[in-house]
Each structure stands twice: as C-alpha cells, then as structure tokens.
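Report on the structure
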Amino acid sequence: SANILRNGTFIGSGLPGLGYDDDDEIYSPYVRKKNGLPPKEDEEIAQNDPLGMSTLKAGKSADLMNFDITISTSGDQTAIAPGDLVEEWKNDGRNYFHYVKSQPGMYNPFGFISARYVVRKDSVQLDHKVNINIYFDPEHNANINRFMQAFKDGLPYYSAAYGSYPSKNISLVETSIYGPWETSMTTMGTLKERNSWDADFTRADQYDYLYSDATRMLAQQWWRFQVAPNNTVGSLVIPEGLSSYDALVMAEKRYGKNNIKSILQDQVWVYLFVRPRLEHKEHPLVKANEWFEWSGKAALVLYGLRDLIGEDSMNVALRDFRNAYAFKTDPPFAGTNNLFEYLQKHVPDSLQYYLTDTWQKITLYDNKVIEARSEPTGKKDEYKVTIKVDVGKVWIDDKGNDVVAKSMNDYMDIGIFAADSKSKEGRPQTNPLYLSKYKFTAGHHSLQIIVKGKPVRVGIDPYAKLIDRQPNDNMKEL
C-alpha cells in the first residue's frame, strides 16, 4: 500500500466493519463516467429528517468517543496521533508513543502517522498553556514560521471569540506525496509534502496561502471537532464554511481590512465560474450540497454579514451556536438550519433581508459605476467627486431564471481611493479617502462627495463583499 512506507506511513481510521458501505464508492462524476459507471446520486436528507438529525456526517457509527492509543514504530521515527501525548519510551530498539483524548472526548475521523520527523515547538497561553508542534521532513523547512504564526494568531483569537481551545496540544504534520492533500483531526491537521511545505515566496506582495490554509484548518477544531455536523443537507457549511470564513477574518487582521479585496474576490470568481457549469440545479446556501457553495460562497456570505452587524455581534452569535452544540453525545446534532437560526437571533430587522437573500435564496448583484469624475474645490487638497452608479439585484428561481428584485433597498459600500502605496514590508496598501454604506434601490443613482486628498478611483462594493455577476465594472479610474 502507498500509505505504508518506510518513511511516511499514514493509517486512516478505516477499521474493519461489517456489511457494504456505499460511502466508499467512487464519488467523482467524471471518474464514474470515464469508467462506465452510472451517475451516483447523493441522497438529499431533509433537515428535519429524524435519522439525519441523529446521525453525524462523519459516519453512521460515529459518535463522541474517548480515544486511547499506543503506537510502536521504528527507533528513528516519531509516531503522531490525535490527543495528548502522555508518555513515550523506547524498548528493544523501537519507539513507543501513548496518546489519550478524553474529557470531553473526540469525534471522527482519526488516524496516525509515522516518519522521520524533526519538530518545531512553541506555545501560547490561553486559560491554559497550549503546545504547538509542527512535524516535518528536515529538508522542507522553508515555511515553518508561516505555519507557526498562523497557530499563534489563531488560537488566541478563536478562543476569545468562540470559547477556549479544549486541548493541551495542537499539531501540524507533513505527510508523504502518497498521503491525502490535507486532513483535519482532533488536535491535528496534515498537509501533503507537495502542499505548501516548499512553496517559494520570493516577493513581499505574494499572498501567504499557507497562513490562510493553517488558520482555516485550525478553525475546524471548533467547527468540526467541537460542533460536529449532522447528516442532513447543507451541514458541511458548518465545518467548511465557518472555517473558511475564519480564515478570511484572520487574513483581514493580518493585512488590514482595506487590503484583502483580492482574497475576497477569489471566493467570488470560483463561485461565478462553477455555478453556470452545473449539471443540476443549484441549491441556496442553507441547503448547500456542492463544495463551492459550502466553502467559498459560505465564507464570503458570512464575512459580508459580519461587515453589516459588526464583529462583536457575529462572534456572540457563533459562540452561542457553539455552546449549544459542542461535544454533544445525544441528538439532535447541528445542521446548517440551526446555524442559520442562531444568526437570525443576532441580526436586526433592518438587515434580515441579507440573511434571506444569501441563505434562503440564490442572489446575484449587477452593480456598476457608470461615470465618475473629480474636480478641485478650491480649498487645499480638497476634491469634489461625482459618482453615477447603476444598482441591480436578481434572485434565481427553481428553473434557473432571473427574477428582478424590483423592490430592493440594500446596503452597499461606496469608496473613493487615493493612489496605492507600499507597506514597509513591500506589500501593496489600499488607501481609502472615503468609505461609507448607502442604502440603494434598483436603478441609477448619482452622488457628490467631498474628500481630502487626490482621488484616483471610485467603486461601489469596492471590496467585493457582495456576489456580483460582473465585479470588474464595480470600479472606475478617475
């Protein structure tokens, strides 16, 4: 087996079982078609289905469990498993490692790894000390500091926002080229050798996707291994959408909220590219059944909601949701409809339209800057900027047709920007002279705004927080 190697064994949680499990069948529609197999239709389990609410997404037999494992490996290797390392020793030239995870226990999946590793260690102090361990091949050490910084930033923020990290350790482990691209387990995540470890960062303006990947995987310690999703339609928004949203939040805190447009726009481009190429009907987010819905789209929608209701209100809503469903041993387990209900409680009436549009409907905007100009006012370094915009929104019906939102009255940002600059590290810096929310009805609007400083461009929804069919026409140079 490619998983059992002299250096880099990775054994997953697939223990022997009785009976036929259709979850192990080939899932990819492209691979099935290539091999002459009929399409595999996923059973869409309703969110009020008693069995779906009582079953975890991790599998029909999955539950909160106590975990206790002792692993023996070669004398030159380290064995790693979920939980806390409580003991290690040598005997007859072999290494032994004893891991335990109990109180409150852990959810599937689990696995264990053995390889000739070096380890970089650090720690953060929360309400208890958390040890950070990064295990890697000694020749693949170029980016360890990026991973370590992600954990040192993410652990305090997520703990303050959602509740303290419950374990004493967190680990990131490099796996061989034959391993999975990435995996998440309680107290640990893995990344394949070709995934990030030797990424070549030569310019300061390069996006540090390693940091974002690590903060996303870390967030799953709250949104998969504390709040475990049930087996109903849409439930993967919890582990995938919330963790991807958290990665956006951490990117904002690292680079500044004015400097992550390209990161937000990446979520939009993927969604806009995939959705018209679907072979079946697209689902609204609350019933997301495709990867691009429950990950990137969900992340952007949650980030947009945070922008409207504020970081504190968003964190309270998610913390309440976590407190209600963390480490449950008895059903019902958490579904995306439950997450939606907790968000609803913390969204004022004036913003409920956003929740309806983004979660219960499929909504696309068509906003654009039609015309823009600026002129000096005669006062020192002061300019009058005139902006004409066209605002539009549609909902997609069950047949895939546009339904024009004629009565829309939505909040959107209007921004006026000076020339970009560079940070001390050499990263591009966006410099807003003016950024404010306006409530727009459908159609044409004209604005006149006085700014201090020379403007060079203007935009409606300039940071791409809304899902716009043609986001490139949201900006205009002056």
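Before reading on, note that the structure itself is shown above.
Overview of the structure. (Residues numbered from 1 in each chain as written. Predicted model: local features only at pLDDT ≥ 70, side-chain atom pairs only at ≥ 80, totals over all residues. Heavy atoms only, no water.)

In this section: the nonpolar core. Counting residues in hydrophobic clusters, the biggest one holds 104 residues, and the most contacted among them are Phe-321, Leu-343 and Trp-359. With 11 residues, helix H7 (residues 291-309) is the single largest residue contributor to this core. Phe-321 has contacts with Trp-223, Val-227, Ile-238, Leu-242, Ala-334, Asn-338, Leu-339 and Tyr-342, leaving out every residue within four places of it along the chain. Grouped together as the second largest cluster of nonpolar side chains are 18 residues, Ala-79, Phe-97, Tyr-99 and Tyr-117 included. (Core = buried A, V, L, I, M, F, W, Y, C linked by side-chain atoms within 4.5 Å. Buried < 20%, exposed > 50% of the residue type's maximum accessible area, 1.4 Å probe, protein only. Helix = DSSP H or I, 4+ residues; strand = E, 2+ residues; numbered from the N terminus. Contact = heavy atoms within 4.5 Å.)

Quick look at the sheet that holds strand E9 (residues 169-175) now. Across the sheet, 5 strands lie side by side as E7-E8-E9-E11-E10; this open sheet has mixed pairing. Edge positions in the sheet fall to strand E7 (118-125) and strand E10 (182-185), since each has one partner strand and no second. Strand after strand, the sheet turns through a mean of 15° between neighbouring axes, direction not considered. Where E9 meets strand E11 (residues 188-192), 5 bridges bridge the pair, whose relative direction is parallel. From the neighbouring strand, Glu-174 faces E11, where its bridge partner is Leu-191. On top of the sheet, helix H4 (residues 209-223) reaches E9, E10 and E11; it is set at about 30° to E10, its chief contact. (Pairing = 2+ DSSP bridges. Axes fitted to C-alpha atoms, helices over the stretch in contact; angles between N-to-C directions.)

Omega for the peptide link from Gln-103 to Pro-104 comes to 20°, which places this bond in the cis form. Here Pro-104 shows up in strand E5 (residues 94-106). Cis geometry is adopted by the peptide bond preceding Pro-332, which originates at Pro-331 and carries an omega value of 5°. Counting through the fold element by element, Pro-332 comes out in the loop between helix H8 (311-325) and helix H9 (336-345). In the Ramachandran plot, Asp-92 falls in the positive-phi region, its phi being about 55° despite a non-glycine side chain. With respect to the helices and strands, the residue Asp-92 is situated in the loop between strand E4 (84-91) and E5. Phi at Ala-464 takes a positive value of approximately 60°, unusual for a residue other than glycine. When you line up the elements, Ala-464 lands in the loop between strand E22 (457-460) and strand E23 (475-477).

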